[in-house]
Amino acid sequence: MARGSTRPTSRDVAQAAGVSQAAVSLVLGDKWRGRVSEPTAQRVREAAHELGYRPNLAARNLRLGRTRTVLLVVPALTTEFFAEVYTGAARVAAEHGFGVVLYPSPEGVGPAKDPFASAQAALDGVIASSMAADALTAIRGDQLPLVMLDSDPEGSLGAATVNLDIADGIRQVAEHLLSLGHRRFLHLAADVPSWTFEVRARELAARLEAVPGTDLRTTHAPISIDGALTATEAALAAPGPRPTALVCDDDKLAAGAYKAARRAGLRIPDDLSITGLDDLGLATAIDPELTTVRLDAELFGERGMRALLAVLEDRPPEQGDIPVTLMIRGSTAPPR
């Protein structure tokens, strides 16, 4: 150890182990594999232990380029939902001296390119929607703290997950329609391979199966008004008894279903009840106004950011799903 020094440095460890300071940084940062031999790595660890060396975390963070910046990865911004998620996350981040960079996956729900030369060097952590999970392969970095939104807690990539209680929302929709007397259902499901949409399908089927005399058909559509229009037109024209209730995975799909119903000469809700999920602005812009499930997107973003702060501070994040609320409006009524 250097004379007069009160604390061992990485240079002291390098001298004791007979290696460069760069090698010490690689070994103690656990990035040595393939770059430093196992015997050399062991010598560095032993030297650090004997000297009582502890890395200067503040200096290490500075070298890594920590900027108190978080990346929010979402699908393409085709509705206001994820903009509100950003608003909530940014509000909490600002209270703690962080900034949030919004990164919508350019392909909507597919892979994305790394928006930074090195995500790990430029970011403190990532909050990501499960609908944009494919983008994480490019941007997550080696050991970047990650919080997943709308993700299966049992199989999440993240150190924490934050979920809306989508299952309860679907149960509320099913109970409402069943109480009105509906027994023939059509599920207009989002054609997106994501856990949150799997929950919708599973919960709806489970609830309806528990009631004798119910019938459930399912058709899939991309999350667009035109896609929903095409899929719903085909489903309504299919042979057999026509459904009296149409459960849509989100409000955009419901808007497309409205157009299909009217083209088929059906009145909403007299001939066909329709429900959505999200409570976007368009839910009250269409006529009749849409019965849907309100999701608190800003609170969703707030909880996501608080969970990431907990991960960064090695604290357990808040538990429990975020409650959702059924908004009963003019698009549902008893079947004729």
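So, here is what we can say about the structure in this document. Here the structure is a predicted model, which is why all the values come from computation and not from measurement.

## Some thoughts on the pattern of salt bridges
Turning to step 1, where the next piece is worked out: Summed over the entire model, instances satisfying the criterion amount to 14 salt bridges.
Turning to step 2, where the next piece is worked out: Measuring nitrogen to oxygen at the nearest pair gives 2.7 Å for the salt bridge that ties D279 to R294. Linking D279 in the loop between β9 (273-275) and β10 (292-294) with R294 in strand β10, this pair joins segments that are 15 residues apart in sequence.
Turning to step 3, where the next piece is worked out: Within this structure, R267, D270, D271 and R336 form a network of salt bridges that share partners.

## Overview of helix α8 (residues 166-180)
In an α-helix, one turn spans 3.6 residues; hence positions three or four apart end up facing the same way.
Turning to step 1, where the next piece is worked out: The terminal C-alpha atoms of α8 lie 22 Å apart, and with 15 residues this matches the ideal 21 Å at 1.5 Å per residue to within 8%.
Turning to step 2, where the next piece is worked out: All buried positions along α8 are accounted for by I166, A167, G169, I170, V173, A174, H176, L177 and L178.
Turning to step 3, where the next piece is worked out: In this structure, the buried residues of α8 make contact with β6 (184-190), α9 (195-209), β8 (245-248), β9, β10 and β11 (325-327).
Turning to step 4, where the next piece is worked out: At the C-terminal side of α8, G181 shows a positive phi close to 110 degrees.

## Topic: the pairing of strand β3 (residues 125-129)
Turning to step 1, where the next piece is worked out: The buried count for β3 comes to five of five residues, which makes it a mostly enclosed element.
Turning to step 2, where the next piece is worked out: Burial along β3 is two-sided: the residues G125, I127 and S129 and V126 and A128 are all buried.
Turning to step 3, where the next piece is worked out: Direction of pairing for strand β1 (residues 69-74) relative to β3: parallel, over a ladder of four bridges. In the sheet register, L72 faces β3, and the bridge partner there is I127.
Turning to step 4, where the next piece is worked out: Pairing of β3 with strand β4 (residues 146-149), which is carried by four bridges, proceeds in the parallel orientation. Looking at β4, one finds that V126 is bridged to L146.

## Some thoughts on the nonpolar core
Turning to step 1, where the next piece is worked out: Membership of the largest hydrophobic core comes to 69 residues, with the highest contact counts inside it found for F81, L188, I274 and M305.
Turning to step 2, where the next piece is worked out: Tallying contributions element by element places α8 first for this core, with seven residues.
Turning to step 3, where the next piece is worked out: In this structure, F81 is in contact with L164, D278, L280, L295, A297 and F300, ignoring residues within four places of it in sequence.
Turning to step 4, where the next piece is worked out: One finds A17, V19, A41 and V44 within the second-largest nonpolar core, a separate group that totals 15 residues.

## Observations concerning the sheet that holds strand β2 (residues 99-104)
Turning to step 1, where the next piece is worked out: Taken together, the five strands give an open sheet; going across it, the order is β2-β1-β3-β4-β5, and neighbouring strands pair in parallel fashion. Two strands bound the open sheet, and with one partner strand each, they are β2 and β5 (160-162). Across the sheet, the mean angle separating the axes of adjacent strands is 20 degrees when strand polarity is ignored.
Turning to step 2, where the next piece is worked out: As paired strands, β1 and β2 are joined by six bridges and run parallel to one another. Bridged to T69 within β2 is G99.

## Let's talk about the pairing of β6
Turning to step 1, where the next piece is worked out: Among the seven residues of β6, six are classified as buried, and the element is accordingly described as predominantly covered.
Turning to step 2, where the next piece is worked out: As paired strands, β6 and strand β7 (residues 215-221) are joined by seven bridges and run parallel to one another. Bridge pairing links F185 to L216 in β7.
Turning to step 3, where the next piece is worked out: Crossover handedness for the path β6 to α9 to β7: right-handed.
Turning to step 4, where the next piece is worked out: When β6 meets β8, the two strands line up parallel, connected through four bridges. Among the inter-strand pairings, L188 is bridged to a residue of β8, identified as C248.

Conventions used here
- Residues numbered from 1 in each chain as written.
- Predicted model: local features only at pLDDT ≥ 70, side-chain atom pairs only at ≥ 80, totals over all residues.
- Heavy atoms only, no water.
- Salt bridge = Lys/Arg side-chain N within 4 Å of Asp/Glu carboxyl O.
- Helix = DSSP H or I, 4+ residues; strand = E, 2+ residues; numbered from the N terminus.
- Expected span 1.5 Å × (residues − 1).
- Buried < 20%, exposed > 50% of the residue type's maximum accessible area, 1.4 Å probe, protein only.
- Contact = heavy atoms within 4.5 Å.
- Pairing = 2+ DSSP bridges.
- Core = buried A, V, L, I, M, F, W, Y, C linked by side-chain atoms within 4.5 Å.
- Axes fitted to C-alpha atoms, helices over the stretch in contact; angles between N-to-C directions.
- Right-handed = clockwise from strand over helix to strand, strands pointing away.

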